[in-house]
Amino acid sequence: MSSLFVRTLREDPVDAEVPSHRLMVRAGYVRRAAPGIYTWLPLGLRVLRKVEGIVREEMDAIGAQELSFPALLPREPYEASNRWTTYGDGIFRLQDRKGGDYLLGPTHEEMFTLAVKDLYSSYKDLPVWLYQIQTKYRDEARPRAGVLRGREFIMKDSYSFDVTDEGLDRSYAAHRAAYVKTFDRLGFDYAIVKATSGAMGGSRSEEFLAKAEVGEDTYVRCTNCDYAANVEAVAVPTPAPVPYDDAPAAHAEQTPDTPTIATLVAHLDEAFPRDDRPWQAGDTLKNVLVVLKHPDGTREPLAIGLPGDREVDQKRLEGQLEPIEVEPMDEEELRKHPALVKGYIGPGALGEASASGIRYVVDPRVSEGTRWVTGADVQGSHVLDLVVGRDFTPDGTIEAAEVRDGDACPQCADGTLESARGIEMGHIFQLGRWFAEALDLRVLDENGKLVTVTMGSYGIGVTRAVAAIAEANHDELGLIWPREVAPAAVHVVATGKDAAVFEAATTLAEGLSARGVEVIYDDRPKVSPGVKFKDAELIGVPTIVTVGRGLVDGNVEVKDRRTGERTEVPVGEAVDHLVGVVRG
Ligand code: ATP
Ligand code: MG
């Protein structure tokens, strides 16, 4: 500790919102260089290397081969896949001195695809699984929580190349199994959830989410079956069509001063009471207008119809439309569509064939035969008994409504959904033939015919994993690293001024090192025991040994950082004892 390049802080950094970020800065693991860009100090780098090592071992164990692509990449391959455009503002783009366009790689599908195309040409060469552990750059809109969401970060990304769909299934299963082992070893409490596969299409897609309150992802689980999904990927089942032969004809009614769902429901109960029950927000069809921002900059209005008791979930909506971004439609934009009457917008003025020409998509619950109260496109008026399929036909459906606790499970008949939050640690998905087609990766099959290769893509956030581990393993005093990734196995603290104490502590530290145990030794001569203990607790090595007052009786004190349990051990047996503790 007298020479280690570290300065611990007693105060929380002002910009840190989550515990892992606060503690990693305070304990001297990372320092901010720019927003979302961090320097790894010696202690942090040790943890990072260990996490990386575990990821590498598990990838090697399934037979994936490591290589390394540059981070600085030419524009052309990303032009071929169109991601130079579709990635939008997320890419760092730059030019060389000759004016040539480059980017800092946000993810490397193109480069892997081209590498395989470069070297391989036959089905006999496949399958092949390739990976790298490498720095990625994304100009995130909201870098957050230190290295949890950085603009420069390390990702392990691997890609599988197969000729057949069955081959891809096998490659996917192998990666999934490797991820289970990896995240088990990293000590995560995690959920494997269905995910959306984003812009590139693809079929199977799952995320590994570390359970955490601070997580940016919300996922749901069924109370009855094994269904688990990121809310972005929850697909609400379309109800069976309801017969509407007996339904009354739609009728427009005066509903003055009812621009909100609550005022409308209150008015309905007063003016048009139902026999069976009071009106509910879910009986109304609410139409929300948004503007889609395409990656090439064009803007397109979109109307979303959903039951009035639900809000639009921005993340779910964007998940469906990726890489398009979504903004609410403001007053100015709304005024450009005179057919739309604010507060009273209904299906009559929506749809590609309508007066507004605005594409109109609805929640799956707004299904054939269902009956709604909705805007009549006239100030102060609503339509009742408007039937889907009879009175209007939307342009399509969209999964944009919020998912709520208690919603029916899309997979089983009996279960309901409950939600929790998590941090996306890993993402595996079957890309299929999208990139191979875009970049013309084809090989000869058994019959000498050229076939397009099918791919899988598998990522792990390595720097993010360090923060997520810290998030799951800390207390008010500091970090508490799991043994597999701790920066050292034992933290030896020498206290007092007695030369004999320092001699014994040095001997202990050296004895441990000689046995292959990684040690942090607090040999600082003029630092108080209180400060040394605080630092040891903050840094979070799993075992802390104090060599101090007890030495007169021939003992050192061994403390478990996680449980706080203390044991007196004779100094002569300390090395053996600690080797036992460390090796478990
Ligand atoms: P997110 O939804 O959190 O933005 P993503 O879905 O864009 O992540 P992928 O493209 O699937 O991320 O990348 C693979 C893995 O890389 C993610 O599962 C995550 O662990 C990690 N990762 C992605 N973006 C970041 C980032 N900005 N900082 C740190 N790690 C990241
Ligand atoms: Mg992802």
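Parameters and conventions
Residues numbered from 1 in each chain as written. Chains lettered and ligands numbered in written order. Predicted model: local features only at pLDDT ≥ 70, side-chain atom pairs only at ≥ 80, totals over all residues. Heavy atoms only, no water. Pairing = 2+ DSSP bridges. Helix = DSSP H or I, 4+ residues; strand = E, 2+ residues; numbered from the N terminus. Axes fitted to C-alpha atoms, helices over the stretch in contact; angles between N-to-C directions. Core = buried A, V, L, I, M, F, W, Y, C linked by side-chain atoms within 4.5 Å. Buried < 20%, exposed > 50% of the residue type's maximum accessible area, 1.4 Å probe, protein only. Contact = heavy atoms within 4.5 Å. Donors = N, O, S within 2.8 Å, 3.2 Å for Na, K, Ca; no water. Near = heavy atom within 4 Å. Polar contact = N/O pair within 3.5 Å; in protein donor to acceptor, adjacent residues only side chain to side chain. Areas by Shrake-Rupley, 256 points an atom, 1.4 Å probe, with all protein chains shown as cover. Domains from an automatic or database assignment. Salt bridge = Lys/Arg side-chain N within 4 Å of Asp/Glu carboxyl O. Parallel < 35°, antiparallel > 145°, perpendicular 65-115°, else oblique. Left-handed = near helix turned anticlockwise from the far one by under 90°. Nonpolar A, V, L, I, M, F, W, Y, C, P; charged D, E, K, R; others polar.

Pairing between sheet strands relies on hydrogen bonds along the backbone, with the strands arranged either parallel or antiparallel. Strand order in this open sheet of three strands is 13-19-18, and the pairing throughout is antiparallel. For this open sheet the edge positions go to strand 13 (251-254) and strand 18 (371-378), each flanked by a neighbour on one side alone. Between one strand axis and the next, the sheet turns by 30 degrees as a mean value, whatever way the strands run. By the bridge criterion, five bridges tie strand 18 to strand 19 (residues 381-387) in an arrangement that is antiparallel. Considered in strand 19, the bridge of Thr 374 is made with Val 383.

What follows is about the nonpolar core. Residues Met 24, Tyr 29, Val 51, Phe 183, Phe 188 and Trp 481 are the most contacted members of the largest nonpolar core, which totals 59 residues. If sequence neighbours within four positions are ignored, Trp 481 has contacts with Tyr 29, Val 47, Val 466, Ile 469, Ala 470, Ala 486, Pro 487, Ile 539, Gly 540, Pro 542 and Arg 562.

As a further point, take the coordination of the magnesium ion (ligand 2). Ligation of the magnesium ion (ligand 2) by protein atoms is provided by Glu 424 (OE) and His 427 (ND1), these donors lying 2.3 to 2.4 Å from the ion. Looking at Glu 424, the relative accessible area reads 23%, which means it is partly exposed.

This part is about the sheet that holds strand 16 (residues 325-328). If you trace the five strands from one edge of the open sheet to the other, you get 16-14-15-17-20, paired in mixed fashion. On the outer flanks of this sheet lie strand 16 and strand 20 (396-397), each paired with one strand and no other. Relative to strand 20, strand 17 (residues 359-362) is paired through two bridges, and the arrangement is parallel. Note that in strand 20 the partner of Val 361 across the bridge is Gly 396. Packing of helix 8 (residues 314-321) onto the sheet brings it into contact with strand 14 (285-293), strand 15 (299-307) and strand 16, and relative to strand 16 it is tilted by some 140 degrees.

Taken together, 14 residues lie near ligand 1, and Arg 138, Glu 140, Arg 149, Gly 150 and Glu 424 sit nearest. Glu 140 is positioned with one of its side-chain polar atoms (N or O) 2.8 Å from a nitrogen atom of ligand 1. Backbone polar atom of Gly 461 to an oxygen atom of ligand 1: 3.1 Å apart, as the coordinates give it. Against a free-state accessible area of 580 Å², the protein chains account for coverage of 82% of ligand 1. Secondary structure elements with two or more residues in the shell around ligand 1: strand 8 (152-162) and strand 21 (417-432). Top contributing element to the shell around ligand 1 by residue count: strand 21, with four residues.

Moving on, we come to the domain arrangement of the protein chain. The assigned domain composition of the protein chain is domain 1 (45-205 + 429-471), domain 2 (251-397) and domain 3 (490-583). Centre-to-centre, using C-alpha coordinates, domain 1 lies 40 Å away from domain 2.

The subject of this paragraph is the side chain of Thr 284. Structurally, Thr 284 can be placed in the loop between helix 7 (261-271) and strand 14. Among the residues examined, Thr 284 registers a relative accessible area of 1% and is labelled buried. In this structure the side chain of Thr 284 is engaged in a polar contact, spanning 2.8 Å, whose partner is the backbone oxygen of Ala 281. Apart from the residues lying within four places of it in its own chain, the contact partners of Thr 284 are Ile 261, Leu 264, Val 265, Leu 306, Pro 307, Gly 308, Trp 372 and Val 373.

Here we take up the pattern of salt bridges. Should their charged atoms come close, side chains of opposite charge can pair. Across all of its chains, the model carries 51 salt bridges by this definition. Among the salt bridges present, the one from Arg 433 reaches Asp 165, with a minimum N-O distance of 3.0 Å. Separated by 268 residues along the polypeptide, Arg 433 in the loop between strand 21 and helix 10 (434-438) and Asp 165 in helix 6 (residues 165-185) bring together distant segments of the chain. For Arg 433, a relative accessible area of 28% gives the class partly exposed. A salt bridge links Asp 309 to Arg 404; the shortest N-O distance between them is 3.4 Å. With Asp 309 in the loop between strand 15 and helix 8 and Arg 404 in the loop between strand 20 and strand 21, this pair connects stretches of sequence that are 95 residues apart. In this structure Asp 309 comes out as partly exposed when scored by relative accessible area, which is 32%. Judged by its relative accessible area of 29%, Arg 404 falls in the partly exposed class.

Here we take up the packing of helix 2 (residues 42-61) against helix 11 (residues 462-472). Where helix 2 contacts helix 11, the two axes come as close as 9 Å, and the packing angle between them is 115 degrees. As judged from the angle between their axes, helix 2 and helix 11 are roughly perpendicular. Relative to helix 11, helix 2 is oriented so that their crossing is right-handed. Along its contact with helix 2, which presents Val 47, Leu 48, Val 51 and Glu 52, the element helix 11 presents Val 462, Thr 463, Ala 465, Val 466 and Ile 469. Among the residues forming the contact of helix 2 with helix 11, the class breakdown is seven nonpolar, one polar and one charged.

With that settled, the discussion passes to the pairing of strand 31 (residues 566-570). Where strand 30 (residues 555-560) meets strand 31, five bridges bridge the pair, whose relative direction is antiparallel. Residue pairing for strand 31: Asn 555 is matched across the bridge by Pro 570. Two successive antiparallel strands, strand 30 and strand 31, enclose a turn made up of five residues, where Gly 564 displays a positive phi of approximately 80 degrees.

We now examine unusual backbone geometry. In this structure, Pro 127 follows Leu 126 across a cis peptide bond, with omega equal to 0 degrees. Mapped onto the secondary structure, Pro 127 falls in the loop between helix 5 (109-119) and strand 7 (128-137). Geometrically, the link from Glu 322 to Pro 323 is a cis peptide bond, its omega value of 5 degrees lying close to zero. Assignment of secondary structure puts Pro 323 in the loop between helix 8 and strand 16. We note that Asp 385 has phi near 55 degrees; this positive angle belongs to a residue other than glycine. Its place among the elements puts Asp 385 in strand 19.

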